[in-house]
Amino acid sequence: MEVTRYTGLIEHYRNRLPLAADARAISLGEGRTPLIKLENLPRQVGFEGELYVKFEGLNPTGSFKDRGMTVAVTQAVHEGAKAIICASTGNTSAAAAAYAVRAGVTAFVLIPDGKIALGKLAQAVVHGAVVLQIQGNFDDGMRLVKEIGETTPVAIVNSINPYRLQGQKTASFEIVEALGRAPDFHCLPVGNAGNISAHWIGYSEMAGIATSISAYHGDGRFLDQPLTGKRPRMVGYQAAGSAPFMRGGPVRNPETVATAIRIGDPQSWQLAWALQKESDGWFDECTDDEILATQKLLAGSEGVFCEPASAASLCGALRDIKSGKIAQGSTVVCTLTGNGLKDPDIVMRDGLKGLIQVPAERAAVEKALLAHL
Ligand SMILES: *Cc1c(COP(=O)(O)O)cnc(C)c1O
């Protein structure tokens, strides 16, 4: 019998990642997430194209950050780092903490004061990271991490670390391999804009087309035989209270329930505008109410539970489908960046309203069932 245990994206895509051949892969089996074709929602909104969600919430720590972290930690350890550090709205710290224990190094994480989903905090704690809760927001934490990185022997594993984007580009590889071509549109939630940039690098490499942003973020590694000649139009959605790309500059006090994208001063600002132009894509924004409604709509009509920030991609895509900006007949991929289980509080805000209290008696249970048939 042929043994084919999947051992993570570094081993799988090794020759397309800028890692030394003798670098020991620090992996938790990340990647290979499902590309789920939505069936009920397109019918409900009258969309005749193909609408897929790439469910990155099924990575080992529950978000796409694992793709970047496996490569960033592998490289840091290869270079001799004994500790890594990041600022985080939650998911980066969860991933950093997990990959650090795997590698046997220390993880320092700076998280904002409040506004972090409990599940994410639990992950950082249970994996033994040194958690510093700062009296400030993500942007303050990011500024501090950059300053500290200049003087202290710790490797920064935020997405300003180019190895993060190199790992995250593999999501595009998987999508092109699954579809046999690139989609027409790829929609993502945008915080620091590292992930949308990483996807563009990945699609460009798959198409064998140079992009100005991969020259900046490491060498493009093209396939001898490109799998697709085409790249998608990239669309990024922000939360309305935290939408610097829509305002044309940093937002001082970003606010949104979608805490993973509560970022006012995106680190990949220039990359994001460059890829918007190259891909003929656009940015837009969704309100918190729209985001939460879409999270519920997806969970209640397709069986997929993503976190609020993730729902921004689908929220914007559905609106742009309705308006015709995304044409009928298109193939659309929405990235669902993180798992809804990280933040159950957000959907249980109305308390236990969904529960029906019944006596432990057959007649009572039967009566309750019949009311719903
Ligand atoms: C990090 C994160 C984002 C934002 O990604 P950027 O690369 O910062 O744009 C979106 N959703 C979730 C769930 C995240 O963890």
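On a predicted model such as this, the values are computed, not experimentally measured, just so you know.

1. Side note on the layout of surface pockets
The method is simple in principle: a probe with the dimensions of a water molecule rolls over the atoms, and the space it marks as empty is what remains.
Point 1. Taken as a whole, the largest pocket encloses approximately 230 Å³ of empty space.
Point 2. In terms of lining residues, the largest pocket is bounded by 13 residues, among which Asp139, Asp140, Val251, Arg252 and Asp265 are the most central.
Point 3. In terms of residue class, the lining of the largest pocket is made up of three nonpolar, four polar and six charged.
Point 4. Residue assignment places the lining of the largest pocket across two domains, with domain 1 (9-62 + 162-349) and domain 2 (64-156) each supplying three or more.
Point 5. Taken as a whole, the second largest pocket spans an internal volume of roughly 190 Å³.
Point 6. Lys115, Ile116, Ala117, Leu118, Thr256, Val257, Thr259, Asp343, Asp345, Ile346 and Arg349 are the residues that line the second largest pocket.
Point 7. Of the residues contributing to the lining of the second largest pocket, the split by class is five nonpolar, two polar and four charged.
Point 8. If you count residues domain by domain, the lining of the second largest pocket takes at least three from each of domain 1 (9-62 + 162-349) and domain 2 (64-156).

2. Some points on the site of the ligand
Point 1. Taken together, 16 residues form the shell around the ligand, and within it Lys65, Asn91, Asn192, Ala193 and Thr337 come nearest.
Point 2. Here an oxygen atom of the ligand and a side-chain polar atom of lysine 65 are 2.6 Å apart.
Point 3. In the environment of the ligand, an oxygen atom lies 2.8 Å from a nitrogen or oxygen atom belonging to the backbone of glycine 191.
Point 4. Its free accessible area being 380 Å², the ligand has 97% of it covered by the protein chains.
Point 5. The pocket occupied by the ligand, as judged from atoms lying within 2 Å of grid points, is the largest cavity.
Point 6. Mapped by element, the contributors of at least two residues to the shell around the ligand are α9 (194-207) and α14 (308-323).
Point 7. Across the shell around the ligand, the residue classes tally to six nonpolar, eight polar and two charged.

3. Details of empty space enclosed by the protein
Point 1. For the coordinates displayed, the defined rule picks out one cavity of 30 Å³ or more.
Point 2. By volume, the largest cavity amounts to about 320 Å³.
Point 3. Phe64, Lys65, Gly191, Asn192 and Ala260 are, among the 27 residues lining the largest cavity, the residues nearest its centre.
Point 4. With three residues, the single largest contributor to the lining of the largest cavity is α9.
Point 5. When grouped by side-chain class, the residues that make up the lining of the largest cavity number 11 nonpolar, 13 polar and three charged.

Conventions and cut-offs
Residues numbered from 1 in each chain as written. Predicted model: local features only at pLDDT ≥ 70, side-chain atom pairs only at ≥ 80, totals over all residues. Heavy atoms only, no water. 1 Å grid on protein atoms, 1.4 Å probe; cavity = no way out; pocket = protein on both sides within 12 Å on 5 of 7 lines; lining within 4 Å. Points joined across faces, edges and corners; volume = space filled by probe spheres on them. Nonpolar A, V, L, I, M, F, W, Y, C, P; charged D, E, K, R; others polar. Domains from an automatic or database assignment. Near = heavy atom within 4 Å. Polar contact = N/O pair within 3.5 Å; in protein donor to acceptor, adjacent residues only side chain to side chain. Areas by Shrake-Rupley, 256 points an atom, 1.4 Å probe, with all protein chains shown as cover. Sits in = over half its atoms within 2 Å of the grid points. Helix = DSSP H or I, 4+ residues; strand = E, 2+ residues; numbered from the N terminus.

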